[in-house]
Amino acid sequence: MSENTRRILIVTTNYKGEHTSGIKETGIWLEEFAVPYLVFKDTGYEITVASPLGGVSPVDVKSLSCSNPMEWDPCIKVLRQTTRLDEVDYKQYEALFLPGGHGPMFDLANDLKLKEIVEYFYEHKKIISALCHGPAGLILAKTKNGESILKDKKVTCFTNKEENIKRLDEDVPFLLETKLRELGARFEDGAPWSEHVCVSDDCKIITGQNPQSSLLLAEKIIEAFS
């Protein structure tokens, strides 16, 4: 890799669901990882995939389909051997990306190491991006004056309406759209399952609404680098 190669840290979930929960099987939504990952790889970026516990980042079985492109298959192998997050020298990366699936709502939303990383990226004006339920990994991060890094920032995520349509609004630990609004974010949404991406005014926080927004979000991250 060249010294000028861009480095992206992708942080994924380890949560696979609980039989005692309404969400018995979950994890990462494959499209939300595979599409940006392959775009970054094809662009020549250096990528590290990490998770709080390392090892397997489970793929939500509902995101596996015979209609998925074959080029997504190697991405599943990448998710089986993620790096443990506290072993990553995160200061060496220019961008952070958190893909979704319902898993992040249960572990990334509460992870203090990820909080530390997000706050570092924010303070050093590096790119912070998240897709669908991925913004759950941003909710703990605060500025030096104690406010949410999302306050007054234009953001989006998997919406309350989409959660309700999937009939999972009573099974998730909290409604992510509601939480982002409570934190003072300038929340924007598109129609359910439409392509929709928000870029903050300083172009440093980039969020996508749902799986359909995966490609556009990746493209916006590349734009932000330039």
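Treat the numbers as computed from the prediction; the structure is a model and nothing was measured.

1. Observations concerning the overall build of the protein chain
Item 1. Helix and strand counts for the protein chain stand at six helices and nine strands.
Item 2. For the protein chain, the C-alpha radius of gyration of 16 Å lies close to 17 Å, the compact-globule estimate for 226 residues.
Item 3. Split into buried and exposed, the 226 residues of the protein chain put 54% on the buried side.
Item 4. The contacts of the protein chain with a sequence gap of at least 6 include a subset with a gap of at least 24, amounting to 76%.

2. Some words on the side chain of Thr 5
Item 1. Among the secondary structure elements, Thr 5 is positioned in the segment before β1 (7–11).
Item 2. For Thr 5, the residues in contact, after removing those within four places along its chain, are Gly 44, Tyr 45, Glu 46 and Glu 94.

3. Some points on the nonpolar core
Item 1. The biggest cluster of nonpolar side chains holds 36 residues, and the ones touching the most others in it are Leu 9 and Leu 180.
Item 2. Contributions of two or more residues to this core are made by β1, β4 (95–98), α3 (112–123), β5 (127–131) and α5 (176–182).
Item 3. Leaving out residues up to four positions away in the same chain, Leu 180 has contacts with Pro 135, Ile 139, Leu 150, Val 155, Thr 156, Cys 157, Ala 185 and Phe 187.
Item 4. Listed in part, the 31 residues of the second largest apolar core include Tyr 37, Tyr 45, Val 197 and Phe 225.

4. Considering the pairing of strand β2 (residues 46–51)
Item 1. In the sheet, β1 pairs with β2 via five bridges, with the strands oriented parallel. Along β2, the bridge assignment pairs Ile 8 with Ile 47.
Item 2. Read from β1 through helix α1 (residues 30–43) to β2, the crossover connection turns out right-handed.
Item 3. Inspection of the sheet shows β2 paired to strand β3 (residues 83–84) by two bridges, in the parallel sense. Residue Ser 51 lies in a different strand from β3, and its bridge partner there is Arg 84.
Item 4. Regarding topology, helix α2 (residues 73–78) serves as the crossover connection from β2 to the parallel β3, and that connection is right-handed.

5. Things to note about α3
Item 1. For α3, with 12 residues, the first-to-last C-alpha span of 16 Å sits near the 16 Å given by 1.5 Å per residue.
Item 2. Looking at the buried residues of α3, the elements they touch are β1, β4 and β5.
Item 3. Directly beyond the C-terminal end of α3, a positive phi value near 55 degrees is found at Lys 125.

About the criteria used
- Residues numbered from 1 in each chain as written.
- Predicted model: local features only at pLDDT ≥ 70, side-chain atom pairs only at ≥ 80, totals over all residues.
- Heavy atoms only, no water.
- Helix = DSSP H or I, 4+ residues; strand = E, 2+ residues; numbered from the N terminus.
- Rg over C-alpha atoms; globule rule 2.2 N^0.38 Å.
- Buried < 20%, exposed > 50% of the residue type's maximum accessible area, 1.4 Å probe, protein only.
- Contact = heavy atoms within 4.5 Å.
- Core = buried A, V, L, I, M, F, W, Y, C linked by side-chain atoms within 4.5 Å.
- Pairing = 2+ DSSP bridges.
- Right-handed = clockwise from strand over helix to strand, strands pointing away.
- Expected span 1.5 Å × (residues − 1).

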